[in-house]
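# Notes for the structure review
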Amino acid sequence: MNSLKTDDFDFELDESLIAQFPLKDRSSSKLLVVNRENFDLEHKNFKNIVDYIKKDDVLVINDTKVIPARLFGARPGKDEAIEVLLLKKHEDNTWETLVKPGKKMKIGSKVEFGNGKLLGEVVGISEDGERFVKFSYDGIFEEILDELGTMPLPPYIHEKLEERDRYQTVYAKHNGSAAAPTAGLHFTDELLKELQEKGVKIARVTLHVGLGTFRPVKVDNVLEHKMHDEYYEISEESVEVINSAKEKGNRIFAVGTTSVRTLETVYKKFGKLVACKGNTDIFIYPGFEFKVVDCLITNFHLPKSTLIMLVSAFASKEIIMNAYNEATKKKYRFFSFGDAMLIKKEK
């Protein structure tokens, strides 16, 4: 495949369909059930997900935790606000960040937050303009961040989030994401318990969501787009659960594109699933051969994004565009706080 056009993954979306608030009850969102192999669609409620996942199937969840990664500060002696979004932790208190306005923050520029409680200095600039900021502080960084930082909601959400936990999955455990793995936001403890009581196995992976997932595709030819890398981890326990289910012919349900990327990265690298950790810049688009994941629970994604390309690879572009067309007609809610889609295949 030499060419795949970014414009092929475009669609019309009325702005009124972009969800600005999370629903009061996480699992009361709508669920569009899409068959991976044909154009069949079913309109359900997210709670009905239980009916589609059978005993001994595996539900793979990404247990990353969103950090309050957006900081507002100023350069010493200046009034103009500087916004710093933490993307990825490097060694020695240095973070890869997005800074606004970036042009003024050259190497050596300093920024202070919370009346000097936290100080940052730009120590490097990437090809794409990300700033590497080294922080200095007294105390524990996570506690300072908790006090000074705010949740990094996507730019298309214009409303303030009343409860910080609503941009966090109920099973979030490991700090490190600049954005929530949003397909997981629909699950409640009760729903997970119901699935376990039915005999569904739950396996955890961790992928810290960075900018790579959301960066728009700016090239005309999809194949020229470069993903940012993101940190992932998968344990021996999760590998055993998934491999055992695969051997017995049971299905693997990935919650979100981040879970898919973790599993398929590891398989691609080792030719099988093994316990490991590392960084992935895997870019999944039509033509990709999935080796681990059978069914995918996901939200509705932005036009021309790497995420809509991934789901188009998982079913087909025609099936996905047909589903999106139906979702807009039926007024499904889109993006991070929106409704969900189950792309399934039968055993």
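Residues numbered from 1 in each chain as written. Predicted model: local features only at pLDDT ≥ 70, side-chain atom pairs only at ≥ 80, totals over all residues. Heavy atoms only, no water.

### Here's the deal with the overall build of the chain
Helix and strand counts for the chain come out as 6 helices and 17 strands. Since a compact globule built from 347 residues should have a radius of gyration of about 20 Å, the 20 Å found for the chain is in line with a globular shape. For the chain, the spread of C-alpha atoms along the principal axes amounts to about 65 × 45 × 40 Å. In the chain, buried positions account for 55% of the 347 residues. Summarising the internal contacts of the chain: among those between residues at least 6 apart in sequence, 71% fall at separations of at least 24. When the accessible surface of the chain is split by element, carbon and sulfur atoms take 47% of a total near 16,300 Å². Each charge sign in the chain was given a centre, from 52 positive and 55 negative side chains, and these centres are 1 Å apart. (Helix = DSSP H or I, 4+ residues; strand = E, 2+ residues; numbered from the N terminus. Rg over C-alpha atoms; globule rule 2.2 N^0.38 Å. Buried < 20%, exposed > 50% of the residue type's maximum accessible area, 1.4 Å probe, protein only. Contact = heavy atoms within 4.5 Å. Areas by Shrake-Rupley, 256 points an atom, 1.4 Å probe, with all protein chains shown as cover. Lys, Arg positive; Asp, Glu negative; His and termini not counted. Charge placed at Lys NZ, Arg CZ, Asp CG, Glu CD.)

### Quick word on helix 6 (residues 317-329)
Taking 1.5 Å as the rise per residue, helix 6 with 13 residues should run 18 Å; its terminal C-alpha atoms sit 18 Å apart, in good agreement. If you check which residues of helix 6 are buried, you get I319, I320, M321, A323, Y324, E326, A327 and T328. (Expected span 1.5 Å × (residues − 1).)

### Examining the domain arrangement of the chain
The domain boundaries assigned to the chain delineate domain 1 (6-66 + 163-344) and domain 2 (70-150). Put simply, the middle of domain 1 and the middle of domain 2, counted by C-alpha atoms, are 31 Å apart. With 10 residues of domain 1 at the contact, the number on the domain 2 side is 10 residues. A combined buried area of about 750 Å² lies between domain 1 and domain 2, and 44% of that area is made up of carbon and sulfur atoms. At the boundary of domain 1 and domain 2, one finds 2 salt bridges. Salt-bridge contacts for K88 lead to D229; the nearest nitrogen and oxygen are separated by 2.9 Å. Put simply, domain 1 and domain 2 have 5 residue pairs in polar contact (both at pLDDT 80 or more) between them. Of the residues belonging to the side of domain 1 that touches domain 2, the class tally is 2 nonpolar, 5 polar and 3 charged. (Domains from an automatic or database assignment. Buried area = accessible area lost by both parts, 1.4 Å probe. Salt bridge = Lys/Arg side-chain N within 4 Å of Asp/Glu carboxyl O. Polar contact = N/O pair within 3.5 Å; in protein donor to acceptor, adjacent residues only side chain to side chain. Nonpolar A, V, L, I, M, F, W, Y, C, P; charged D, E, K, R; others polar.)

### Overview of the sheet that holds strand 14 (residues 252-255)
If you trace the 9 strands from one edge of the open sheet to the other, you get 2-1-17-16-14-3-12-13-15, paired in mixed fashion. The open sheet is flanked by strand 2 (41-45) and strand 15 (276-280), the only strands paired with a single partner. Sheet twist, expressed as the average angle between the axes of neighbouring strands with direction ignored, equals 25°. Along the sheet face, helix 3 (residues 236-247) touches strand 3 (58-62), strand 12 (201-207), strand 13 (230-234) and strand 14 and points at about 130° away from the line of strand 12. (Pairing = 2+ DSSP bridges. Axes fitted to C-alpha atoms, helices over the stretch in contact; angles between N-to-C directions.)

### Examining the side chain of N62
Following the sequence through the fold, N62 ends up in strand 3. At 2.8 Å, the side chain of N62 and the backbone nitrogen of L207 are in polar contact. Polar side-chain contacts of N62 include one of 3.0 Å to the side chain of T258. In this structure, N62 is in contact with Y171, P181, V205, T206, L207, V209, T258 and S259, ignoring residues within four places of it in sequence.

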